[in-house]
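This is what each chain is made of:
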Amino acid sequence: MKLLALDTSSEGCSAALWLDGQITERFEVAPRGHTRLLMPMVRELLAEQGLSPSDLDALAFARGPGSFTGLRIATGVIQGMAWGLDLPVVPVSSLAAVALNAIEQQSLGEGDGIAVAFDARMGEVYWGTFVCRDGLPEALGNERVCPPEAVALPESGAGVSGHWFGAGQGWKYRDAMPQAVTEHISGMDDSLVPRAAQVARLAERGFHNGEAVSADQAQPVYVRDEVTWKKLPGR
């Protein structure tokens, strides 16, 4: 299977190629460089393997939550390629991608929990909890956006039998998080951002689980879907 994955949901920009179980990746931290960097990364990955876009079997992208502008960039590129090449697309949670990154970097084991937090701006975090199952993250509940003071771990018995690990840049707000959460966290890495390599691995599983969609259904997930604008006086 040949699958191309993209991520521009954070300050990181990356592309990865899954080729029959082997992953190659291009990654760069460039908060304002996604548009400039993404397509050259794709071309380099394909050229390195002697492939053309028409050789691909599927596409994948980090669908959010994350940077609104970044999500639109990856979504636009993926939709354009999917329509042009008539390829299926696997949307992957950006929070799940960071959870997988934590599992791999920290050698987390079966039953360990991963609490992922992204900085959502506006005094809030994107929050998702996962449990390690067979080396991959399994979501525990819905992703949400909330103030750091409102984050919570799943009720006991949710499947987490090991320790909890905190991952993602939203953990810089850990001092504002409830003690009921932080007292259960035995390790933490607030430098982790989504990367296309983890998106590709999750997408390969998702593809075989029937999670691929058509180009028009490949949409970003903002979580914060509604932004309330106050009407200015006299307008």
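The paragraphs below set out a description of the structure included in this document. Note that this is a predicted model, so its numbers are computed, not measured.

## With respect to helix α3 (residues 94–106)
Inference 1: For α3, built from 13 residues, the straight-helix expectation of 18 Å at 1.5 Å per residue is met to within 8% by its first-to-last C-alpha distance of 18 Å.
Inference 2: Of all 13 residues in α3, ten are buried; the element is thus mostly enclosed.
Inference 3: Every buried residue of α3 is accounted for by Ser94, Leu95, Ala96, Ala97, Val98, Ala99, Leu100, Asn101, Ala102 and Ile103.
Inference 4: N-cap assignment for α3: the residue whose side-chain oxygen lies 3.1 Å from the backbone N of Leu95 is Ser93.
Inference 5: Following α3 by one or two positions, Ser107 has its phi on the positive side, about 55°.

## A short note on the sheet that holds strand β1 (residues 2–7)
Inference 1: Strand order in the open sheet formed by five strands is β3-β2-β1-β4-β5, with mixed pairing between adjacent strands. Edge strands, defined here as strands with exactly one partner in the open sheet, are β3 (22–29) and β5 (89–93). Direction aside, neighbouring strands of the sheet carry axes that sit 15° apart on average.
Inference 2: Where β1 lies against strand β4 (residues 58–64), four bridges are found, and the strand directions are parallel. By the bridge assignment, Leu4 is partnered in β4 with Leu59.

## A few points about the layout of surface pockets
Inference 1: Each pocket or cavity is described by its volume, and for the largest pocket that value is around 620 Å³.
Inference 2: Taken together, 25 residues form the lining of the largest pocket, with Ser9, Ser10, Ser67, Asp119 and Arg121 sitting closest to its centre.
Inference 3: Within the lining of the largest pocket, the residues separate by chemical class into eleven nonpolar, eight polar and six charged.
Inference 4: In this structure, the second largest pocket is lined by 16 residues; those nearest its centre are Val92, Ser93, Ala96, Arg205 and Glu211.
Inference 5: Mapped by element, the contributors of at least two residues to the lining of the second largest pocket are β5, β8 (136–139) and α5 (196–208).
Inference 6: Its residues assigned to classes, the lining of the second largest pocket comprises seven nonpolar, five polar and four charged.

Parameters at a glance
Numbering of residues begins from 1 in every chain and follows the order in which that chain's sequence is written. Confidence filtering applies because this is a predicted model: local features only for residues at pLDDT of at least 70, side-chain atom pairs given and counted only at 80 or more, and all residues used for totals across whole chains, interfaces and linings. Hydrogens are left out, water is left out, and the side-chain values use all remaining heavy atoms of the structure. Helix and strand assignments follow DSSP, with helices taken as H or I runs no shorter than four residues and strands as E runs no shorter than two, numbered in order from the N terminus. Expected span of a helix: the number of residues minus one, times 1.5 Å. Think of it in three bands: residues with accessible area under 20% of the maximum for their type are buried, residues over 50% are exposed, and the middle band is partly exposed, with areas taken using a 1.4 Å probe on protein chains only. Pairs of N or O atoms within 3.5 Å make up the polar contacts considered here, provided that, within protein, one atom can donate a hydrogen while the other can accept it, and that residues adjacent in sequence are counted only when both atoms are side-chain atoms. Strand pairing is defined by DSSP finding a minimum of two bridges between the two strands. Axes, fitted as lines to C-alpha atoms, cover a helix only where it is in contact. Angles between the N-to-C directions of the axes lie from 0 to 180 degrees. Cavity and pocket criteria rest on a 1 Å grid covering protein atoms alone: a 1.4 Å probe that fits but cannot get out defines a cavity, protein on both sides within 12 Å along at least 5 of 7 lines defines an open pocket, and an atom within 4 Å of a point defines a lining residue. Grid points are joined across faces, edges and corners, and a volume is the space filled by probe spheres set on the points. Asp, Glu, Lys and Arg are counted as charged, while Ala, Val, Leu, Ile, Met, Phe, Trp, Tyr, Cys and Pro are counted as nonpolar; the rest, among them Gly, fall into the polar class.

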